[in-house]
Structure formats: structure tokens, C-alpha cells
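Letter by letter, the chains look like this.
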Amino acid sequence: MTFSTLIVTTLVLLFLLVMGAGALFLYLYWWRMQRPVPKLEGVITAALLDQSVEVLRDKHGIPHILAQTEADLFRSLGWTHAQDRFWQMEQARRTAQGRLAEIFGEPALDADRFCRIIGLQRAAEADEAALDEATRQRLAWYTAGVNAYLEQHPGRVSAEHNLLRVPVEPWRVVDTLGAAKVLAWSMSGNWQSELTRLLLNQHLDVYTAADLEPDYPADAPLILEGVGGAEQVRLQSVAGLLLTQYEQIRQWLGGESVGQGSNSWVLAPKHSLNRRPLLCADPHLTVQLPAMVYEVHLTGPETEVSGMTFPGMPGVFMGHNAHLAWGLTNAQVDTQDLFIERLHADQPFYFAYGAEWELAQVIDETITVRRAAPHTERIVITRHGPLINGFVRRAAGGANAALESTPLTLCWTGHTPGTVLTSVLKLNQCQNWEEFTDALALWTSPPQNVTYADVRGNIGYVMAGRMPQRMANLGLTVAAGWEPAMTWQGWIPPAELPRLYNPESGIIVTANNKPVGDDYPYFLGVEFDPGWRAARIEQVLREKERFTVRDMEELQQDNGSLLAKAFIPWFTLLYSDDPWEKVAIQTLRKWNWRMDSDSPAALIFHFLLVNLLDMTFGDKVGAAYESYLGKSNAPLFPHHPLRVRAETRLLQIINEFDSSFWYAEVAQGRQRNRLELLQEALTRTMKMIRRVYGDSMLRWAWGKAHQVRFTHPLGAARLVGGFFNRSPLPIGGDATTPNQTRAALSLPPGLVQTIPVYRQVLEVGAWDRAQSVIAGGQSGHPLSRLYDDQVMMWREGVYHLMPWSRPAVEKAMVYRLLLEPRA
């Protein structure tokens, strides 16, 4: 071969290689990813419709659906959800069914096993059987709309379906109910705190384990106080409540050996500059793309409502209609209990209850695993719920013999047929307080704090949801499943759940904090947020008499940490000859205790806090340490009810004791006093900060370490991953600020896991001035401009208008889609 021939051959091969790579790119980019991006304007024939439907969208792609019949309204909502977010709906459905491993293979098997054992799909099927006719009809209309879109867009439903070669299955009513169960489970978590306490009891004596529980801070707000109203009876010692139950655990296990939040508040007209109620809400959920929530405005002959929906479910969960507005926060009440079961020695699957032995239900479910052998999961269900020992062993690191041999079952209110979607659909049509409370009486799971304001100037609050009545079993630790007295005794009547209407103060604040005092006749639990966010919100709302919408925006983005403010005086008492430690002390002295992204003091405080937690609890609580800090053990579900409680208990110990068992250094057998502990934490902190970030304070900004990354399940895939994820962004706040941006308590800090995924600010009655923003975008298609167009708005605290009247909607309109029935 001559040299010239070699050159020509090389060039031809290079050309073919480039062409092949280009063809592959075009195939992936256009055929697999670009084609599913939907049509937002023009005319589309939809055979399922009775009459024409208009879908008007603004520049952010938010749909305003105008239908002439209720049936067409819900069909069009189903169509629109499928058009923009069907992959998200697919994920929710497969999560409930325990079928993620069919797509993702063995890495998803644990998640599937967990969901099959818990029984999310079984619970959804029970809900379907209990539907009333009106709700069933609306869900059927919604389902028909989803399937009409799928049928008319074969191969163009989502990029994810195309890239992963996932067959598109028809949507069913039970899939909507399954998505609702996934949402309900994601906001529950008491079983993990009971498991944490069980592990603590195995590692510590009962008094020391009980001492880890923080009391609800004496100056933290209760919801029913209504900001400045009558004081409620405060929480009795949590440690005292636990001691008896820890003693019971010792009997059952045979001795002892040496863990998702939100804000909402409402102001009466007297506190508003425009003399209208102000209602604000921002649910704090998991960071992801596409965003967890979806905005919509529905207009039909019987229903007109605007606000936040969850793809896969009809109805607006948070927003307003023509008469009133509402917001939601997780109530943080205890709806899950673990039971230790007594297994018959000779008869498998028989468990003791009272003087009898009961046969459990046994189900063998086969899980299909992509590119691997199928897995068969045996599920055993007692009167209390499914056995969960496989995941108890996982949480305990497989090293606890007592947990290995002791059957544990999980009882959850969501296992009982519920009516939450019936409640949401009725809520969307309420016109006054009486109808509002009647609709919320049907809310089942998860329990929520619901704020209220209407155009007449009334404000209120209701706790909504199914709450068990307990007798001997408080639900703080595992209970004896064979003792009938430990079983739930029905539900607290909805009318007897906490509520508040037109308090004298004119202000109601909910931020997952404790709702009532101990004079309340029913036990709701102890795992409420310690109240740092609620206290900060109340502090700001006391600063002046009248507020504007702009004030509400600033409060939703507030980075003030009252936990940091409470800790700082202790650090400023320290003295050091080390120049870097002197710099840190001086920085903290001048700090305004705001966790702003450009603050060096915020970074120093975080490192100090995590080091103090490790030095105080880390070497003493063993395998339960991460759970005690609020790290979840459940696949897919990051919520853990013990979050922020370890920090609160640490502050209480430091405030109260100059010397304590908790200050000791176990490895060296060395006791320390309070100031010695703080000094050593400071020394360790500054060495770590200098090692990780260098010696320049310009590099010590909190945002250098505290960042949010919007991720997608396909973000780690080769070639196409970059289309799905968005780069990390510096952000302010932490778990204790109104602008809650929670990351795991680790050093250096990990990525933020929980954020306000939606912000809503409403001047009640002035609906055209409604404002909102979501952490992401309306579209679930990664090549759409609308996939992430609100991310920077959300980060910078910018809102968009959510118009209500037809002229305002027309003025904001950028895309007009007409859905026509087939002639």
C-alpha cells in the first residue's frame, strides 16, 4: 500500500467514523429524545372529547384548561399530564407496583422488594374497591384522557421510554391510587424512628437511650397558639414517656447490650396592607428533575381551581378557587407502628394474639429483573401488617442477633382503604369554612396541616388525616403484637382533630411544628419538627403590623437560623492562640446567623455543629448514629422523622450541663467538660476547613459546600446523561431556616436533598395577582425549553404570575392548543 493510498484509506475511515458517530447522535437526539417533545399549539383531534377544549399556556408552559363539560375537563387534565410528565407517572406507578427492576435491573431490586413488602399496590387496590361513584367517575375521565394521549402518540410519549425501550402500558385508575400511596408513604417515617430507638436500646441502657430524646423547646411555637394567643400546656418529658416503653423492649428482646417538611402561614386582613388575607405555602420535598409538582388552572362548569398538582393524580392539592385558598404542610404525626410478633414454635405463619394463634396471609411475588434471574419475595402479613425483617437487618447492618430472630411487622394507616382523592376533589369546589372542614374530614393519608383563607376575610387551620387512637402503646417504640391492648383502637374523629378559626392574633403558622399542647386528649406523637423554622417565621411576622406580598416572598426565602443564633454565644466564649481559630471566633461574633450562600460564618458553623454531634453522640450510640441524625434506611424514600432532633438535643445538653457523660471521648476513656468539648470541636473544624477549602476565607462561602443538583434517573447514563441533569448550584439556607435546603449531616457537606419544590403567595380574592414558582419546569421532556426554565427563578427568589380571569389568561398566553372532538 502506497503512502497516498494509506492517507486516503485513513481519511475514508475517519469520515465513516465521524458519520457513524453523527448518525448515532442524531438517532439518540432526534429520534429517541426530540420526537416526544409535545405540540403546544394548533389543533388536535381527540376522539374522547364531547366538545372543544382550549389549553392556553403562558411562557412557562403552565396550562389553563377551559372545558365546557366536567368530563372533558378531567379528560384534558389527564391528556396534559401525560403530554408533559408521563415518564414521571410511569415511575410512580412502577414504584407502587415494585417493578423498577424491570427497567433498571439489579440496582433497583431492593427498592422493589421494599415496596412489595410494604404493599403500596395492595393498598391502592383496596382504595379502588372503596371508591364512591363520583370519585370513580372523575378518575375514569382522567384515566381516559391519559390513555387517549398515549394512543395518539406511539413512540413519542417520552425520551425515557424510548432510550430504555420501556413498553408503554395503558394507565389505570388503580395506577392513580398507587401514585397517591407512593406520595403518602414518602411523607411518613415513624417506623424508622421506632427502629432507631430499638437499636439504641440494644446499645445503651434505657436511661441513656431515653436521654437522647429532645423535649419540644419551651419557647418553640405551637400551631394552636395562633401566634400570641393563649398559651397551651407544654409537652411533658419525652424521655419520661420512653422509659416505660424501653423497659418493655427489654422484656421482649431478652435484655440489653452495651433518622420530607413544609411551611405555610396565613395572615388575617388586619395584617395585610391591602386588607385582604395573605396565604403562603411552600412544600419541602425531594430534589429532582422533572419537578415533583405541576401547575395548572382548570375551568369547567362545576370546577374552577388553580394551583399545584401531582402528575398522575387529578385535582389541585394546594392553591385556590374563586372563594378560598389553602396550603399544606406535613403534620408529622405518628401513623406507623412496629410490632414484635410471637411466632408459633411448631406451626409456621401462626402468630399469637391474645389467647389465640392466628394464621398470617402468605404471598409469593415474583419480581422481574432486567438482565438477571427473577427474584421471588415471600410476603407475610399479620393482623398488624407485613413482616419487614429483611429491611430491619439492612438498617441494622446485619449485625444484630435480636433483630435477626424477632419477627417485626409494620402497621400503617395507609394500609386501610382511604379517600384522600375524594377529599381533594371536594376541596377544589368548597365555598366556605363549613364545606372546607367537611371535605377535609375525608382526607386520610398522609395527615396534613391545612391553612385556610377566604374572600370574606376569614382564616383558619385544620389538621386533616387518619390518626390512630392508642391506649397502652404510644407508638414511640416497638410494641408487643400479641397484646390486644397494644393494637390501635380505631381513629380519632375528624371533628376532634386540631383546628383553629379566626384567632385573635390574626396569624397562623405551620412548619411541621407541634400543633397542640398536652391538654389535647389524644396522643399524636413526639416527632414534630423542633420549631426552629416556625419560630423564625413568627419572629418576622411580629416585626410590623401590616405586610405586603413582597414581604411574604422575602420570608419564604429567609435564611435566618435560630438554631445557629442559640449556639453562637457558646462559641464566642472560646479563646485560642491559633490564628485560624481566632479568625473563626471573630467571624462568628460578627455573624447575623443567616445561612446565606456567600457567608463564611455559615460554613464554619455547619462544620462546628457536625463535629460536635460526632464528638458527643457518634462514639456512643453505635450503629444507630446515622439514623439518629435523620438518615433514611428506606430505598427511594429519604424522609426520616428524627431530622433536626439530634441538633436540638445537643443544644439542650450544652445549655444545661457543664459536665456530662455525652462529652466523654470513649476511645481514650477521657472525660471533657463543656468548654473543652467546644474547644476541641473548633480545632478540628478549622483543620478540616483549611484542608478542604484552603487558607483563603474567600473560598469559605457556605455556597461552596452547600449546593443543589437537579438530577434525573438517567442523569448517570453514558452519552445522554448530560441532557437530563443540571449542574450544582450554590444555595443558602439549611434544615432550620424558612428557606429549608436540607442536606445530610456530613463533612464535607453533601448535596442538598430537600428543598421548597413549589412556592405560592396568594392575596386572597385578588386572584390575578397570585404568584408561584416551581423548582424545575413544567415539562418532563429534557430537550424542551420548559424542562428547567424556572430553576434560576426559583434560586433567585423570582415568581411568576398565575392569572385567573379570562382577560388576564389571554394576556399571558403564548401557546394556544385546541382539542377538538372527532366529528
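Residues numbered from 1 in each chain as written. Predicted model: local features only at pLDDT ≥ 70, side-chain atom pairs only at ≥ 80, totals over all residues. Heavy atoms only, no water.

> Which residues make up the overall build of the protein chain, and what are the values?
In terms of regular secondary structure, the protein chain is built from 27 helices and 28 strands. Roughly 30,100 Å² of accessible area belongs to the protein chain as shown, and the carbon and sulfur atoms make up 54% of that amount. (Helix = DSSP H or I, 4+ residues; strand = E, 2+ residues; numbered from the N terminus. Areas by Shrake-Rupley, 256 points an atom, 1.4 Å probe, with all protein chains shown as cover.)

> Can you explain the nonpolar core? Please cite residues and give values.
Counting 107 residues, the largest nonpolar core has Phe317, Phe436, Leu541 and Phe710 as the members making the most contacts within it. In terms of residue count, helix α2 (residues 70-97) provides more of this core than any other element does, 8 residues in total. Those residues in contact with Phe317 that lie beyond four places of it in its chain are Leu183, Met308, Phe310, Trp326, Leu328, Leu421, Val424 and Trp443. Listed in part, the 85 residues of the second largest apolar core include Ile117, Ala352, Ile388 and Leu678. (Core = buried A, V, L, I, M, F, W, Y, C linked by side-chain atoms within 4.5 Å. Buried < 20%, exposed > 50% of the residue type's maximum accessible area, 1.4 Å probe, protein only. Contact = heavy atoms within 4.5 Å.)

> So what's going on with the sheet that holds strand β6 (residues 294-299)? Which residues, and what values?
Taken in spatial order, the 11 strands line up as β1-β28-β2-β3-β6-β7-β8-β9-β16-β17-β19 in an open sheet, and their pairing is mixed. What marks the edges here is a single partner per strand, and that holds for β1 (42-45) and β19 (499-501). On average, each strand axis in the sheet is tilted by 15 degrees relative to the strand beside it, whichever way the strands run. Pairing between β1 and strand β28 (residues 815-820): 4 bridges, direction parallel. Following the sheet pairing, Val43 is matched in β28 by Leu818. (Pairing = 2+ DSSP bridges. Axes fitted to C-alpha atoms, helices over the stretch in contact; angles between N-to-C directions.)

> Go over the packing of helix α19 (residues 579-589) against helix α23 (residues 674-693) with me, naming the residues and quoting the values.
For the pair α19 and α23, the least separation of the axes is 10 Å and the interaxial angle reads 105 degrees. Taken together, the axis directions place α19 and α23 in an arrangement best described as roughly perpendicular. Listed contacts from α23 to Trp580, Glu581, Ala584 and Ile585 of α19 are Gln679, Leu682, Thr683, Met686 and Arg690. (Parallel < 35°, antiparallel > 145°, perpendicular 65-115°, else oblique.)

> Help me get a handle on helix α15 (residues 433-440), residues and values and all.
Among the residues making up α15, those that are buried are Trp433, Phe436, Thr437, Ala439 and Leu440. For α15, the arc enclosing every buried residue in end-on projection is 160 degrees, short of the 170-degree limit, so these residues lie on one face. Packing partners of the buried residues in α15 comprise β9 (324-330), α14 (420-427), β16 (448-454), β17 (459-464) and β19. (Arc of directions from axis to C-beta.)

> Any chance you could break down the environment of Ser772 for me, citing the residues and the numbers?
With respect to the helices and strands, Ser772 occurs in strand β26 (residues 771-774). Look at Ser772 and you get buried, because its relative accessible area is 2%. As a C-alpha pair, Ser772 and Tyr758 span 14 residues in sequence and 7.1 Å in three-dimensional space. Setting aside its immediate chain neighbours within four residues, Ser772 contacts Glu295, Tyr758, Arg759, Gln760, Tyr799, His800 and Met802. A distance of 2.4 Å separates polar atoms of two side chains, one belonging to Ser772 and the other to Glu295. (Polar contact = N/O pair within 3.5 Å; in protein donor to acceptor, adjacent residues only side chain to side chain.)

> Help me get a handle on the pattern of salt bridges, residues and values and all.
What the rule picks out here adds up to 44 salt bridges. Two residues, Glu302 and Arg138, come together in a salt bridge whose shortest N-O distance is 3.8 Å. Accessibility expressed as a relative area gives 54% for Glu302, which makes it exposed. Judged by its relative accessible area of 14%, Arg138 falls in the buried class. Asp614 is the salt-bridge partner of Arg684, the closest N and O atoms lying 3.1 Å from each other. A residue pair is termed long-range when its members are at least 10 positions apart, and Arg684 in helix α23 and Asp614 in helix α20 (residues 600-618) qualify at 70 residues. Relative accessible area serves as the criterion here: at 33%, Asp614 is assigned to the partly exposed category. (Salt bridge = Lys/Arg side-chain N within 4 Å of Asp/Glu carboxyl O.)

> Now, about unusual backbone geometry: what can you tell me, with residues and values included?
Cis rather than trans, the peptide bond between Ser445 and Pro446 has omega equal to 5 degrees. Positionally, Pro446 belongs in the loop between α15 and β16. The amide bond that connects Leu747 to the next residue, Pro748, takes the cis arrangement and shows omega of -10 degrees. Its location among the elements puts Pro748 in the loop between β23 (742-743) and β24 (752-756). One non-glycine residue, Phe349, lies in the positive phi region at around 75 degrees. Mapped onto the secondary structure, Phe349 falls in the loop between β10 (336-340) and β11 (350-353). Of the residues examined, Phe349 reaches a relative accessible area of 27% and is grouped as partly exposed.

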